[in-house]
Amino acid sequence: MSHKSFVWMCLLPLAAVTAAFFVLPMAHLLVTGAEGPRGLPEYLAIIADPRYRATLLNTVLLAAATTVATLIAATITGLFLQRHRFPGRAVMIAILTFPLAFPGVVIGFMIILLAGRQGTIGDVSSRLLGDKIVFAYSIYGLFLGYLYFSIPRVILTIMAAAQKLDPSLEEAARSLGASPWAVLRDVVLPALAPALVASGAIAFATAMGAFGTAFTLATNIDVLPMLIYTEFTLAGNLATSAALSVGLGVMTWLILALARTFTGNSVAAAG
Amino acid sequence: MNMMTRHGAALKIENCGKTFADGTCALARATLDIGQSETLVLLGPSGCGKTTLLRIVAGLETPDGGGRVLFDGKDLTRQPIEKRNVGMVFQSYALFPNMSVAENIGYGLKLRGLPKAERAAQVAELVALTNLGGLEDRRIDQLSGGQRQRVALARAVAIRPSVLLLDEPLTALDAALRERLRGELNDLLRKLGITAIYVTHDQAEAMELGDRIVVMRKGAIAQIGTPREIYFTPANRFVAEFVGAANIVEAPIEGGELILPGGRVPVAGPATMSRAVAMVRPETIAIADAATTGLAGIVDGVRFAGDRQRIIVRDAASLPLAVDAPNTIKVRTGERVGLSIPPDAIRLLPDEG
C-alpha cells in the first residue's frame, strides 16, 4: 500500500461519521423544509411571515445585547483579574467560571430563584418598595441567563489574551504621554481585538441557539429555538420547523464566518 | 523643529534605592548627577540594579522613601511616567502592532494634540533622520530588527523628551547588526545632543556610547567614570574584570617591584604595601627576547584573531598571562619568551580578599 492510499484509508472513518451524522441529517432537514404545503417558499417564511420575522429579530437582538454586555463585563473583569494579585483571587476565578459546568436548565432554574415569583429580588423589592419585581419569565430573565452563561467563557479568553500582552507596550505608550484611557483605547483593546471577536462570536452563537434556559423560564418567550420547538411538537409542523432550523443555522453560521474573517485580518495586523 | 538644538534636561538622582515588597534590595541608595546632553551608561551584569535605576528615572518604579529624582532642579519623584516627558526605547522595542511606522513615530505627538499637518512634517523629519524613508506605511511585522530599533528610537525622540532612556536597545539583534547599529546610534545621540541614560550589559557598547559609565554590581555602584578612566584605572577587581580583558595577579611587592614566579616587574608610584593585587591589560604587555626582560615565561597557546593575536604565557605569574601581540610576531607553543610591562601599565587594586 502506498503512503498516499494509506492516508486515504485513514480518512474513511471520518468520512463515514461525517456522512452519517452531519451530511445526511442536514440533507434530510433541507428536503423536509421544502416538503410542506407551501413547498420551497417555506424557507422565505422566516422573513415573510410577520410572526416569524418578529421572533427572528427578537432572537438576534437578544443575542446581540448578550454579546455586547458580556464583552463589556468580561473584559473589565478579565483584565482586572489578570493584572492584580489579591487574596481570594483564585476562588473568585473559580466562582466566575463555575457556570461552565451547568446545563441551560440549571441556569434557568437559578434565574427563577433570583428573579422569579419566589425569587430573591422579588422578596427584597416587596419588602423595600412594597412592589414585587419579577422578570425571570420574560426576555429579560433570558438575557440574564445568557449573560451568566457567556461571561465565564469570555473571561477566560480575555485573561489568556491579556497575559500574552507585552507590558512594555503599555509602558511605551505611557512614556509618550498616554493617559490610562488612551492606553486602553490605543494599545490594550487593539491587542485584545482578536480575542474579543472570537469570544464574542461564540457568545452570540450560544445566545442564538440556546434552548434549555428559555424552555425552563417560560413557554411564551419569542425566540427562534422556542418557536422551532413549538412548531415541531405542538403544531406538528415538520416542514416549518425544518425551514426555521435551517434559517437559524445559516444566520449563526454567517455571523461566525464574518467574525472569523475579521479575526483573521486583525490577527495578521497584530503580527 | 531643529533637531540639532535639543539638549534635554540635567538630571539629579538623589539617594534613590529600591527594596521590593518581598524584602529584596534591588538597588542600594545611589546618588548621581547627569549633565545636560550627556550620555550616561549604566553597565553591569544582569541583576545588578541598572534597569531598576532606569525605571526609577522613568517613573515606572518609585524609589524608597527619601529618594528623589530631579529634572532641571524640579522634583518629579511623585510624577508618573506619563507626566515626565521621557523618551523610552525598550529591549523588545514595544512598537504598537496596530499602527504603521509613521503612526508609531507620531503617536506621542498625536497625544499632545499637534495638528495633523505639523505632525506629518515632524514625522517626516524623524523618518529622514533615522533612515526609514519609504517604510512609513509599513506594518511593524514587515520590518527587520534593525528597522524596528530605529522606529522605536524615532518614536521616543519625537516628543522632544527631557531625557532619552534606552534599556538594552541592541540586545535583541545579532552580533554583526549590533555593531553597525551601535555606530549609528552613537552618531544619532551626538547629533541630537540629548540627555540620555543607556542601560547595557555589553562593555563594548558602554565604551563606545558613554560620555560616562556607571559600573554596577549587586545593586550598588562599583565605579563612575569616563570610559578611559574605567578602562585604565578601574576602582576594583570587579570593574577591571568586567570591562575589557584583564590579567589579575596577586603577588608580594619588594623594593617597588612585583615578585612573580617568572621574574620581577617594577611598578610605578609609591608601592608601600607588601602584597598587592595588580591588573595588567593584555595589550600593554610586549613580547621580547627573554634575555632582555626581567620577566619571562613559556608560551602555552596562541590564538590568532586576524588583526592581532592573543598569546597565553604560563609560568610568568601565578596564573597564565594573556598577552595581545601584533599579528606579525612569530612565537611557537613551548617557546620561552620575555615579557616587558611598562610600570605605569600596572594598576594596583585594593585587596578585597
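Not measured: the values here are computed from a predicted model.

S.K.: I keep staring at the overall build of chain B and nothing clicks. Help me out?
M.R.: A count of helical and extended segments in chain B gives 8 helices and 20 strands. Of the contacts formed within chain B by residues at least 6 apart in sequence, a portion of 66% connects residues at least 24 apart. Summed over its atoms, the accessible surface of chain B is roughly 15,300 Å², and 49% of this surface lies on carbon and sulfur atoms. Where the 42 positive side-chain charges of chain B centre and where its 40 negative ones centre are 4 Å apart.

S.K.: Looking at this model, I keep getting lost on the packing of aromatic side chains. Mind explaining?
M.R.: Each pair of aromatic rings is reported with the distance of its centres and the angle of its planes. All chains considered together, the criterion is met by 8 aromatic pairs over all chains. Note on Y231(B) and F232(B): the rings are 5.2 Å apart at their centroids and 85 degrees apart in plane angle, and the pair reads as edge-to-face. On the numbers, 5.5 Å between centres and 20 degrees between planes, the contact of F238(B) with F242(B) is stacked. Highlighted residues: F238(B) and F242(B), both in helix α8 (residues 237-242), separated by 4 residues, approximately one helical turn. For F238(B), a relative accessible area of 15% gives the class buried. Ring pairing ties together the aromatic residues F211(A), F215(A) and Y229(A), which thus form one cluster. Sitting over the ring of F96(B), R155(B) keeps its end group 4.6 Å from the ring centre. When the ring centre of Y231(B) is taken as origin, the NZ or CZ atom of R281(B), which lies over that ring, is 4.0 Å away.

S.K.: Whenever I open this one, helix α1 (residues 50-58) of chain B confuses me. Can you help?
M.R.: Side chains that are three or four residues apart share a direction in an α-helix, a result of its 3.6 residues per turn. Residue and element names in this part refer to chain B. The element α1 is extensively covered by neighbouring structure, given that 8 of its 9 residues are classed as buried. Taken together, the buried positions of α1 are occupied by K50, T52, L53, L54, R55, I56, V57 and A58. Two residues or fewer after α1 comes G59, characterised by a positive phi angle close to 100 degrees.

S.K.: Just checking my understanding: could you explain the domain arrangement of chain B for this structure?
M.R.: Frequently, the measure chosen for interface size is the accessible area removed from exposure when the parts meet. Residues and elements named next belong to chain B. Split into domains, chain B comes out as domain 1 (3-241) and domain 2 (245-349). Contacts between domain 1 and domain 2 engage 10 residues on the former and 9 residues on the latter. When domain 1 packs against domain 2, close to 830 Å² is buried across both sides, 51% of that on carbon and sulfur atoms. When the buried surface of domain 1 facing domain 2 is broken down by residue, Y231, R237 and A240 rank first, second and third, together holding 59% of it. Linking domain 1 with domain 2 are 1 salt bridge. In this structure, E250 and R237 form a salt bridge, with 3.4 Å as the shortest nitrogen-oxygen distance. Between domain 1 and domain 2 we count 5 residue pairs in polar contact (both at pLDDT 80 or more) in total.

S.K.: What is the right way to look at the pattern of salt bridges in this model?
M.R.: Side chains that differ in charge, positive against negative, can pair when their charged atoms come close. All names here are of chain A. Under the definition given, this model contains 25 salt bridges over all chains. For the salt bridge of E170 with R83, the shortest nitrogen-to-oxygen distance reads 2.7 Å. With E170 in helix α8 (residues 167-175) and R83 in helix α3 (residues 50-83), the pair connects residues that are 87 residues apart, well separated along the chain.

S.K.: How do you make sense of the state of the cysteines when you look at a structure like this?
M.R.: Inspection of the entire model under this criterion finds 0 disulfides over all chains. Cysteine C25(B) remains unbridged, with the sulfur of C16(B) as its closest cysteine sulfur at 12 Å.

S.K.: Honestly, the sheet that holds strand β8 (residues 196-200) of chain B in this entry has me stumped. Any pointers?
M.R.: Picture the strands of a sheet paired through backbone hydrogen bonds; they go either parallel or antiparallel. Residue and element names in this part refer to chain B. Taking strand neighbours across the sheet as the criterion, the 6 strands line up as β6-β7-β8-β3-β9-β10 in an open arrangement whose pairing is mixed. Looking at which strands have only one partner, the edges of the open sheet turn out to be β6 (86-89) and β10 (220-225). Going from strand to strand, the sheet's axes swing by 20 degrees on average, the running direction of each strand aside. Pairing of strand β7 (residues 163-167) with β8 involves 4 bridges; the strand directions are parallel. Along β8, the bridge assignment pairs D167 with V199. Across the sheet, helix α4 (residues 145-158) touches β6 and β7, and the angle it forms with β6 is around 170 degrees.

S.K.: Sorry if this is basic, but what is going on with the interface of chain B and chain A here?
M.R.: Counting residues at the interface gives 23 residues for chain B and 20 residues for chain A. With both sides pooled, the region where chain B packs onto chain A buries about 1,800 Å², and carbon together with sulfur makes up 59% of that total. Counting every contact that joins chain B to chain A gives 2 salt bridges. Across the pair R174(A) and E82(B) runs a salt bridge, and its minimum N-O distance is 2.9 Å. For the pair chain B and chain A, the interface holds 7 residue pairs in polar contact (both at pLDDT 80 or more). Among the elements that make up the side of chain B that touches chain A, the one with the highest residue count is helix α2 (residues 101-111) of chain B (3 residues). Grouping the constituent residues of the side of chain B that touches chain A by class yields 14 nonpolar, 3 polar and 6 charged.

S.K.: Teacher, can you tell me more about the sheet that holds strand β1 (residues 11-19) of chain B here?
M.R.: Residues and elements named next belong to chain B. Across the sheet, which stays open at both edges, the 4 strands sit in the order β2-β1-β4-β5 with antiparallel pairing between neighbours. One side of each edge strand has no neighbouring strand; the edge strands of this open sheet are β2 (25-34) and β5 (74-75). Where α1 meets the sheet, its contacts fall on β1, β2 and β4 (68-71), and the angle it forms with β1 comes to roughly 120 degrees.

S.K.: Would you explain the side chain of R182(B) in this entry?
M.R.: With respect to the helices, strands and loops of the structure, R182(B) is situated in helix α5 (residues 175-192). Apart from the residues within four sequence positions on either side, R182(B) is in contact with L170(B), D202(B), A204(B), E205(B), E208(B) and L209(B).

S.K.: Looking at this structure, I do not really get the confidence of the model for chain A. What am I missing?
M.R.: Residues and elements named next belong to chain A. Scored by pLDDT, chain A comes out at a mean of 86, with 96% of its residues at no less than 70. Element-level mean pLDDT values for chain A span from 76 in helix α12 (residues 238-269) up to 94 in α8. The model gives residues 265-271 a pLDDT under 50, and that stretch makes 8 contacts with residues more than four places away or in other chains.

S.K.: Sorry, what's going on with the pairing of strand β9 (residues 212-217) of chain B here?
M.R.: Every regular strand shows the same layout, with side chains that alternate between the two sheet faces. All names here are of chain B. In this structure, strand β3 (residues 39-43) lies alongside β9, joined through 4 bridges in parallel fashion. By the bridge assignment for β9, L40 is matched with R212. Both β9 and β10 contribute to a ladder of 5 bridges, which runs antiparallel. Within the sheet, the bridge partner assigned to V214 lies in β10 and is I224. Connecting β9 to the next strand, β10, in antiparallel fashion are 2 residues, including K218 with a positive phi near 50 degrees.

S.K.: What is the right way to read the pairing of strand β14 (residues 275-280) of chain B from this model?
M.R.: All names here are of chain B. In terms of burial, β14 is a largely internal element, 5 of the 6 residues being buried. Direction of pairing for strand β11 (residues 247-254) relative to β14: antiparallel, over a ladder of 6 bridges. From the neighbouring strand, I248 faces β14, where its bridge partner is M279. When β14 meets strand β20 (residues 347-349), the two strands line up antiparallel, connected through 3 bridges. Its bridge partner being in β20, V277 is matched across the sheet by L349.

The rules we used
- Residues numbered from 1 in each chain as written.
- Chains lettered and ligands numbered in written order.
- Predicted model: local features only at pLDDT ≥ 70, side-chain atom pairs only at ≥ 80, totals over all residues.
- Heavy atoms only, no water.
- Helix = DSSP H or I, 4+ residues; strand = E, 2+ residues; numbered from the N terminus.
- Contact = heavy atoms within 4.5 Å.
- Areas by Shrake-Rupley, 256 points an atom, 1.4 Å probe, with all protein chains shown as cover.
- Lys, Arg positive; Asp, Glu negative; His and termini not counted.
- Charge placed at Lys NZ, Arg CZ, Asp CG, Glu CD.
- Phe/Tyr/Trp six-rings, centres within 6.5 Å; stacked < 30°, edge-to-face > 60°.
- Buried < 20%, exposed > 50% of the residue type's maximum accessible area, 1.4 Å probe, protein only.
- Lys NZ or Arg CZ within 6 Å of the ring centre and 35° of its normal.
- Domains from an automatic or database assignment.
- Buried area = accessible area lost by both parts, 1.4 Å probe.
- Salt bridge = Lys/Arg side-chain N within 4 Å of Asp/Glu carboxyl O.
- Polar contact = N/O pair within 3.5 Å; in protein donor to acceptor, adjacent residues only side chain to side chain.
- Disulfide = S-S within 2.5 Å.
- Pairing = 2+ DSSP bridges.
- Axes fitted to C-alpha atoms, helices over the stretch in contact; angles between N-to-C directions.
- Nonpolar A, V, L, I, M, F, W, Y, C, P; charged D, E, K, R; others polar.
- pLDDT = per-residue confidence, 0-100.

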